[in-house]
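This is what each chain is made of:
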Amino acid sequence: CWTVLAALWGGAAQAAGFSSSLTVEEGGPGTVVEVAVSYDGTLGDVAAFQAAVAYDGEAFSYQRASYGESVKAGTAATVDRPGQVSSVYTAPGTGPFLASETVITYRFQVKEEALAGSQAFTVSVFQIASPEPAFILADVEVSLPFQVLAPPSSDARLLSLRPDHGALEPEFDPDVFSYTMTVPYE
């Protein structure tokens, strides 16, 4: 078990049979976004794998990882380094092995000082091992786009008021809160 675990700490890519998704694709400061890594069962019994999510540490703060039931039945460890969070999973020697489910969910939050613009989470799943042990060669990498929105303006004043008919008394001013207007009967 430790030999397989030690072998999993190198490499980079994501495997067919695994997919990734975001809970939201855009948000401003304070928005929580989760990156879900799911296994669909098409690779058969999976006894071990490594996953990594690369992200912009100036735009996002990593909060935590949560594991699916089959990952909880095995051994999993997650480490956060600036700009990348990585996990490794190994099943118990005789199973149960990885089930078809969301296996790991990584939670991030958009930082208050994040600049508005396009970002991406790059998800990799690699060094996938079957129980024999043998590596399953199906590595791929996926980029999930995320749009950081500008924070809402703190200026909540009305900046313009233009009626279709008639004229305001007094003339519009953002600091004036009461107006009158005369309009034709129809």
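Please read these numbers as outputs of a predicted model, since none were measured by experiment. (Residues numbered from 1 in each chain as written. Predicted model: local features only at pLDDT ≥ 70, side-chain atom pairs only at ≥ 80, totals over all residues. Heavy atoms only, no water.)

## Regarding the packing of aromatic side chains
Under the counting rule described, the total for this entry stands at 10 aromatic pairs. Between the aromatic rings of F60 and F121, the centroid separation amounts to 4.6 Å while the plane-to-plane angle is 45 degrees, which identifies the pairing as tilted. One end of the pair, F60, is in strand β6 (residues 60-67); the other, F121, is in strand β10 (residues 117-130), and 61 residues separate them in sequence. F60 gets classed as buried once you look at its relative accessible area, which sits at 1%. Of the residues examined, F121 reaches a relative accessible area of 0% and is grouped as buried. Between F121 and F146 the ring centres are 6.2 Å apart and the planes differ by 75 degrees, which places this aromatic pair in the edge-to-face class. Taken as a pair, F121 in strand β10 and F146 in strand β12 (residues 139-148) lie far apart in primary sequence, 25 residues in all. (Phe/Tyr/Trp six-rings, centres within 6.5 Å; stacked < 30°, edge-to-face > 60°. Helix = DSSP H or I, 4+ residues; strand = E, 2+ residues; numbered from the N terminus. Buried < 20%, exposed > 50% of the residue type's maximum accessible area, 1.4 Å probe, protein only.)

## So, the sheet that holds strand β9 (residues 101-110)
The strand order across the open sheet formed by four strands is β2-β4-β9-β6, and the pairing between neighbours is antiparallel. Strands with a single pairing partner mark the edges of an open sheet, and in this sheet they are β2 (18-22) and β6. Across the sheet, the mean angle separating the axes of adjacent strands is 20 degrees when strand polarity is ignored. Across seven bridges, the pairing between β6 and β9 is antiparallel. (Pairing = 2+ DSSP bridges. Axes fitted to C-alpha atoms, helices over the stretch in contact; angles between N-to-C directions.)

## Describing the nonpolar core
One finds F49, F60, Y106, F108 and F121 to be the most contacted residues of the largest nonpolar core, which totals 36 residues. Secondary-structure elements contributing two or more residues to this core are β2, β4 (32-39), β5 (48-54), β6, β8 (84-90), β9, β10 and β12. Looking at which element gives the most residues to this core, the answer is β9, with five residues. With residues up to four places along the chain from it excluded, the contact list for F60 reads V33, Y55, F108, Q109, V110, K111, Q119, F121, F146 and V148. (Core = buried A, V, L, I, M, F, W, Y, C linked by side-chain atoms within 4.5 Å. Contact = heavy atoms within 4.5 Å.)

## Quick word on the pattern of salt bridges
As enumerated under the stated definition, the model contains two salt bridges in all. R107 is the partner of E34 in a salt bridge, and the nearest nitrogen-oxygen pair spans 3.6 Å. In this pair, E34 is assigned in strand β4 and R107 in strand β9, connecting sequence segments 73 residues apart. On the basis of relative accessible area, E34 is assigned to the partly exposed category, the value being 23%. Overall, R107 belongs to the partly exposed group, its relative accessible area being 22%. (Salt bridge = Lys/Arg side-chain N within 4 Å of Asp/Glu carboxyl O.)

## Concerning unusual backbone geometry
A cis amide bond links G95 with the next residue in sequence, P96, at an omega value of 10 degrees. Inspection of the secondary structure puts P96 in the loop between β8 and β9. Following E169, the chain continues into P170 via a peptide bond in cis, with omega recorded as -10 degrees. Within the secondary structure, P170 sits in the loop between β13 (168-169) and β14 (180-181). Even without a glycine there, the phi angle at Q127 is positive, about 45 degrees. Take Q127: it is sitting in strand β10.

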